[in-house]
Amino acid sequence: MSYISVGERIAIFGGVYNNHLSLAALKQDASGRGATTMICLGDMGGFGPSPDKVFPLLQNDPNMFVMQGNYDHSIGNRLEDCACGYTDPRDNHFAQISYDYTAANTSDHFKDWLRDLPTEFRFEFAGKKVLCAHGSPRKVNEFLWESNSSDIFLDWVLDQFECDLLFVTHTGIPWLRHLPSKDRWVVNVGAIGRPANNGEKHVDYMLLSTDSQGKPHVEHIALHYDYEALAHEMREEGLPEEFVETVLTGWWTTCLEILPAKERAKGVY
Amino acid sequence: MQDLQDYPTLNFQHLDTLWLQVTGTLCNLACLHCFISCGPKNDNHPMMSLSLIKDTLKAAATQGTREYYFTGGEPFLHPEIKEIISLTLAQGPLTILTNAILIDDEMASWLAKTFEDSPYSFDLRVSLDGTTPEENDTIRGRGTFVQIIAAIERLVGHGLNPVITVTTCHAELAADEGRQKFIELLKAHNITQPRLKFLMPFKIGRESRRKGGEGCYTPAERLYLEDVPDPNSDHLQCDSCRMVTAHGVWPCPILIEEEGARMSDALEDSLHPIKLNYSACYTCHVGGVSCKT
């Protein structure tokens, strides 16, 4: 277990997907909101351009805690695919394109860094036990979608892993769920690497702080960044136009088959 | 006589998925590939009563179950299907496996409203085994292609987007060209987000008789200890699911007609390791099959 010391305002994000522009924007935005601790829930690669550009923004910062996602495990261990957990060939086709690009363009010393990252963080915050994981605490590539995670299941997860607040990513779509039975929370922070299939060009992260009564408070932050510059870089790198379209429109064009019915119905593809 | 020691063991992890055989083996169709030989007259597993379903849902809640699936038989034969759906969706996400033929306009409208109102995912999986009547009807029965397509159009017309589930009795349907044919078929019927799932046939039940002696598993088609050396392997759905019928609890939806596969009366007594000693286990292991969407 990786216990960490944190400040009073914490930015929690995941799914960087090579998007160095949104990562730089996040550091500035979160600092402006008073965050003194930043926690990255993993998946540094995939989808976007020039993988090596994200690492200088994540390394050598005592206030930045970075964990390993499934993508990082695969890239770090020089595996053949991202192990994202897709099951449909249409999803795997585009996932493999971005994985091959990321693997070919990530420097060896960054791969070694990804290989050795921790896989979870724990800390106490406002008297509550907080657990940060990538997909779920029990499986790095488990998808915790809002519509297919029942309250009774999430309560079981929190019981099993002995926490009051759980933060995850991996799906790319943010959501917050209060579990009233024991006044606990599960939060999917979404992703800063690509928009959340809602027609908005911004990306998402969460800010953990305390409310006026000293209780934990989680705020969803819509993070704006220069998505047109990202699209330009993606085209320069020869990445698929389907990926560029997502950045420019806010709608997912690939890796759609894994979506549950409700999340799929909210998109246009 | 099988020596169970020769077969791999699979530990039970957690009840992520609960399957309910709500109408047992009763179905409006009698498909030639059905691995549990469902049909209008097959009540080996009868319909589950509403009270049994309620008790089962309560038991599942105490286990922290994530999601629910209804299959059969044809779930929409159940006279209390609406109440069963509502009760289940109050507890978690639900997927129903159906041929959709019994879903009329009124039911399609109710299902669409239920989909909109539920906080949890509510999905329909509609079985269709070909892109033409010739392909489909030789498996699912004469006239069923037209009926299933009409039902899909009703669902789409009310704003639902079912997953079309194809059992690959025609093996070429699973290849890229076959998938593309299905995508084109669905787009021609106004489905802008075609959703597909392909499943390998299990060579048991009626499927084992469809092609005469060639339709059965051979003695070599079984799992050996070395096939699943780690009992905590997570590649098979039966490490995290159970199937409940009116007659008790089984490891998965495939094995409910297999001799010796029944596990217990009560759900909570079935949450323990199993032996992978059935030929159908070979299909799941080799083919990477999961009945989940």
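Here's a quick rundown of the structure. None of these values were measured; they are calculated from a predicted model.

**A closer look at the overall build of chain A**
The secondary structure content of chain A amounts to nine helices and ten strands. Its C-alpha atoms give chain A principal-axis dimensions of about 50 × 40 × 30 Å. Relative to its full complement of 269 residues, chain A shows a buried share of 59%. In chain A, 70% of the contacts between residues at least 6 apart in sequence involve partners at least 24 apart. With the model as given, the accessible surface of chain A reaches about 10,300 Å², and the carbon-plus-sulfur share is 48%.

**Quick word on the layout of surface pockets**
The space that makes up the second largest pocket amounts to roughly 470 Å³. Lining the second largest pocket are 22 residues, with A:Arg90, A:Thr253, A:Glu257, B:Ile183 and B:Lys187 positioned closest to its centre. Mapped onto the lining of the second largest pocket, the elements with two or more residues apiece are α4 (89-105) and α8 (241-249) of chain A together with α6 (176-188) of chain B. Across the lining of the second largest pocket, the residue classes break down as seven nonpolar, six polar and nine charged.

**Some remarks on the interface of chain A and chain B**
Residue-level contacts link 28 residues of chain A with 27 residues of chain B. Our count for the contact surface shared by chain A and chain B stands at three salt bridges. Among the salt bridges present, the one from A:Glu142 reaches B:Arg66, with a minimum N-O distance of 2.9 Å. Counting across the interface, chain A meets chain B through 17 residue pairs in polar contact (both at pLDDT 80 or more). Each residue belonging to the side of chain A that touches chain B can be placed in one class, and the counts come to 13 nonpolar, five polar and ten charged.

**So, helix α5 (residues 144-157) of chain B**
Residues and elements named next belong to chain B. The end-to-end C-alpha distance of α5 is 19 Å, a good match for the 20 Å that 14 residues give at a rise of 1.5 Å each. Turning to α5, its buried residues number three or more, namely Thr-144, Phe-145, Ile-148, Ile-149, Ala-151, Ile-152, Leu-155 and Val-156. Considered in projection along α5, the buried side chains sweep an arc of 160° and stay on one side of the axis. Exposed and facing more than 90 degrees away from the buried side of α5 are Val-146 and Gly-157. Those residues of α5 hidden inside the fold are in contact with α3 (105-117), β5 (122-127), α4 (133-140), β6 (163-167) and α6. Gly-159 lies just past α5 and shows a positive phi near 95°.

**What about the sheet that holds strand β2 (residues 37-40) of chain A?**
All names here are of chain A. The five strands are arranged β3-β2-β1-β9-β10 in an open sheet whose pairing can be described as mixed. The sheet is open, and its two edges are formed by β3 (64-66) and β10 (216-223), each paired on a single side. Each strand axis lies, on average, 20° off the axis of its neighbour in the sheet, ignoring direction. Bridge count for β2 against β3 is three bridges, and the pairing is parallel. Residue pairing in the sheet places Cys-40 in a bridge with Val-66 of β3.

**What to know about the side chain of A:Asn70**
All names here are of chain A. As for its position among the elements, Asn-70 is in helix α3 (residues 70-76). At a separation of 3.2 Å, a polar atom in the side chain of Asn-70 contacts the side chain of His-170. With near-sequence residues (within four places) excluded, Asn-70 lies in contact with Asp-43, Cys-82, Ala-83, Cys-84, His-134, Val-140, Asn-141 and His-170.

**Focus on the pairing of strand β1 (residues 10-13) of chain A**
All names here are of chain A. Burial along β1 is two-sided: Ile-10 and Ile-12 and Ala-11 and Phe-13, pointing in opposite directions, are all buried. When β1 meets β2, the two strands line up parallel, connected through four bridges. Bridged to Ile-12 within β2 is Ile-39. In terms of handedness, the path from β1 via helix α1 (residues 20-32) over to β2 forms a crossover that is right-handed. Across three bridges, β1 lies against strand β9 (residues 203-210) in antiparallel orientation. Counted as the bridge partner of Ile-12 is Met-206 from β9.

**Focus: unusual backbone geometry**
Residue B:Gly73 follows B:Gly72 across a cis peptide bond; omega there is 15°. In this structure, B:Gly73 sits in the loop between β3 (67-71) and α2 (81-89). Of note in this structure, A:Ser50 is not a glycine but carries a positive phi near 50°. With respect to the secondary-structure elements, A:Ser50 resides in the loop between β2 and α2 (55-58).

**Quick look at empty space enclosed by the protein**
Residue and element names in this part refer to chain B. Overall, the coordinates contain three cavities of 30 Å³ or more when judged by the stated rule. Computed from the structure, the largest cavity encloses a volume of approximately 520 Å³. Considering the residues around the largest cavity, the lining is formed by 31 residues, among which Phe-35, Thr-71, Gly-72, Leu-97 and Ser-127 are closest to the centre. Looking at the lining of the largest cavity, the elements with two or more residues in it are β2 (17-21), β4 (94-98), β5 and β6. Residue classes in the lining of the largest cavity are distributed as 17 nonpolar, ten polar and four charged.

**Overview of the pattern of salt bridges**
Residue and element names in this part refer to chain A. Under the definition given, this model contains 28 salt bridges over all chains. For Arg-33, the salt bridge goes to Asp-29, with nearest N and O atoms at 2.7 Å. Overall, the relative accessible area of 32% leaves Arg-33 in the partly exposed class. By relative accessible area, which is 24% here, Asp-29 ends up partly exposed.

**As for helix α5 (residues 108-115) of chain A**
Residues and elements named next belong to chain A. Listed in full, the buried residues belonging to α5 are Phe-110, Lys-111 and Leu-114. Relative to the axis of α5, the buried residues are bounded by an arc of 105° and lie together on one face. Tucked inside the fold, the buried residues of α5 contact α2, α3 and α4.

The rules we used
- Residues numbered from 1 in each chain as written.
- Chains lettered and ligands numbered in written order.
- Predicted model: local features only at pLDDT ≥ 70, side-chain atom pairs only at ≥ 80, totals over all residues.
- Heavy atoms only, no water.
- Helix = DSSP H or I, 4+ residues; strand = E, 2+ residues; numbered from the N terminus.
- Buried < 20%, exposed > 50% of the residue type's maximum accessible area, 1.4 Å probe, protein only.
- Contact = heavy atoms within 4.5 Å.
- Areas by Shrake-Rupley, 256 points an atom, 1.4 Å probe, with all protein chains shown as cover.
- 1 Å grid on protein atoms, 1.4 Å probe; cavity = no way out; pocket = protein on both sides within 12 Å on 5 of 7 lines; lining within 4 Å.
- Points joined across faces, edges and corners; volume = space filled by probe spheres on them.
- Nonpolar A, V, L, I, M, F, W, Y, C, P; charged D, E, K, R; others polar.
- Salt bridge = Lys/Arg side-chain N within 4 Å of Asp/Glu carboxyl O.
- Polar contact = N/O pair within 3.5 Å; in protein donor to acceptor, adjacent residues only side chain to side chain.
- Expected span 1.5 Å × (residues − 1).
- Arc of directions from axis to C-beta.
- Pairing = 2+ DSSP bridges.
- Axes fitted to C-alpha atoms, helices over the stretch in contact; angles between N-to-C directions.
- Right-handed = clockwise from strand over helix to strand, strands pointing away.

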